[in-house]
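What follows is each chain in one-letter form.
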Amino acid sequence: MFNAKLALKSYPEAINTVSLTDPVTFGGQEIVIIGGPCTVESLEQMDTVASQLRNAPVQGLRGGAFKPRTSPYSFQGLGLEGLKILFEIKQRYQIPIVTEVMSTDQIELVATYGDMLQVGSRNMQNFELLKALGKVNKPILLKRGLAATLEEFIFAAEYILSEGNSQVVLCERGIRSFDSYTRNVLDLGAVVALKQLTCLPVIVDPSHAAGRRELIEPLAKAAIAAGADGLMIECHPHPEKSVSDAQQALSLEEMVNLVYSLEPIARAVGRSIPQPMPVSV
Ligand code: PEP
Ligand code: MN
């Protein structure tokens, strides 16, 4: 067994739930769904996304302002302007924001505008970043590294927990394998194992796992059936025009339909999909 401590279920003071914002909690009976584009592109884009998703059981809005791109020549995100767009949308629609932080010097900024700070796969073992996030009073969404073992993943969480931040949610987003038909391989066995071993909520990102939009709904259902506490899914008003990850982006209509289609699966495993939250705009 791994000699991690705070992340494990066996730890005496283990906490099993993480609050995104009151009343949205990961790890409870209700499934938490985060949706939105890969990248924040404009205020208009984010307004369209939020206005559609707000009427569905989607509790968090995602969008990268700082983007970890494979090529340095690809669009790197709008940075501060993107964070301000997210904040404006949050005010308009009262929807909490999940957005990525890539380095220690971005933490203060991202924590000012975002409600949950995402650590991307490429940074799962950026130990300085993890330690610094351990001192932040915001929930952290920790994505599994591209080829990280479960032990490495749990220890990455432990880096945050051991610095005092107990609000960590794990995200399985697929791991590298030999087949290039899918972008990655969704490791649902890891979801089951992480739920058995750790006290941390576990969500699944089928978008980056599959890399193909037609696989996302069945994988999302399978994730809920396997015991995931939530999902993070990419969607866009015009998927084919998405500046990043276009092949995996769902349309907003597909996203809303997907979320509603999860209800019987959730019920079958003793969970529920929450009602859309009322919003006064
Ligand atoms: C993302 O969620 O925006 C992202 C870049 O995913 P990952 O870090 O899992 O590749
Ligand atoms: Mn993406």
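You'll find the structure just up there.
1. What to know about the pairing of strand β7 (residues 140-143)
Covered by surrounding structure in β7 are I140 and L142 together with L141 and K143, the residues of both alternating faces. Where strand β6 (residues 116-119) meets β7, three bridges bridge the pair, whose relative direction is parallel. Bridge pairing links V119 to L142 in β7. Crossover connection from β6 via helix α4 (residues 127-133) to parallel β7: handedness right-handed. In the sheet, β7 pairs with strand β8 (residues 168-172) via four bridges, with the strands oriented parallel.

2. Here's the deal with the site of ligand 1
Residues in close proximity to ligand 1 include R62, K67, P68, E100, Q118, G120, S121, R122, K143, R173, H208 and M232, which together make up its full environment. In the environment of ligand 1, an oxygen atom lies 2.9 Å from a nitrogen or oxygen atom belonging to the side chain of K67. One of the side-chain N or O atoms of R173 is found 2.7 Å from an oxygen atom in ligand 1. Relative to its unbound accessible surface of 290 Å², ligand 1 loses 96% to contact with the protein. In this structure the site holding ligand 1 corresponds to the largest pocket. Looking at the shell around ligand 1 residue by residue, the classes come out as two nonpolar, four polar and six charged.

3. Considering the coordination of the manganese ion (ligand 2)
Donor atoms from the polypeptide that bind the manganese ion (ligand 2) are C38 (SG), H208 (NE2), E234 (OE) and D245 (OD), placed at 2.0 to 2.3 Å. When the donors of the manganese ion (ligand 2) are listed by position in the chain, the intervening gaps give C-x169-H-x25-E-x10-D. Of this pair, H208 sits in helix α7 (residues 206-210) while D245 sits in the loop between β10 (230-234) and α9 (252-261), and the two are 37 residues apart along the sequence. Summarising the burial analysis for this pair, H208 and D245 share the class buried.

4. Points about empty space enclosed by the protein
With the rule as written, the count across this model stands at one cavity of 30 Å³ or more. Within this model, the largest cavity holds a volume of roughly 40 Å³. As for the largest cavity, its lining consists of C38, R62, G63, G64, K67, V98, T99, E100 and Q118. With three residues, strand β5 (residues 97-100) is the largest single contributor of residues to the lining of the largest cavity. Per-class residue counts for the lining of the largest cavity are two nonpolar, four polar and three charged.

5. Describing the environment of E44
With respect to the helices, strands and loops of the structure, E44 is situated in helix α1 (residues 43-53). Counting along the chain gives 133 residues from E44 to S177, while the straight-line C-alpha distance between them is 37 Å.

What counts and how
Residues numbered from 1 in each chain as written. Chains lettered and ligands numbered in written order. Predicted model: local features only at pLDDT ≥ 70, side-chain atom pairs only at ≥ 80, totals over all residues. Heavy atoms only, no water. Buried < 20%, exposed > 50% of the residue type's maximum accessible area, 1.4 Å probe, protein only. Helix = DSSP H or I, 4+ residues; strand = E, 2+ residues; numbered from the N terminus. Pairing = 2+ DSSP bridges. Right-handed = clockwise from strand over helix to strand, strands pointing away. Near = heavy atom within 4 Å. Polar contact = N/O pair within 3.5 Å; in protein donor to acceptor, adjacent residues only side chain to side chain. Areas by Shrake-Rupley, 256 points an atom, 1.4 Å probe, with all protein chains shown as cover. 1 Å grid on protein atoms, 1.4 Å probe; cavity = no way out; pocket = protein on both sides within 12 Å on 5 of 7 lines; lining within 4 Å. Sits in = over half its atoms within 2 Å of the grid points. Nonpolar A, V, L, I, M, F, W, Y, C, P; charged D, E, K, R; others polar. Donors = N, O, S within 2.8 Å, 3.2 Å for Na, K, Ca; no water. Points joined across faces, edges and corners; volume = space filled by probe spheres on them.

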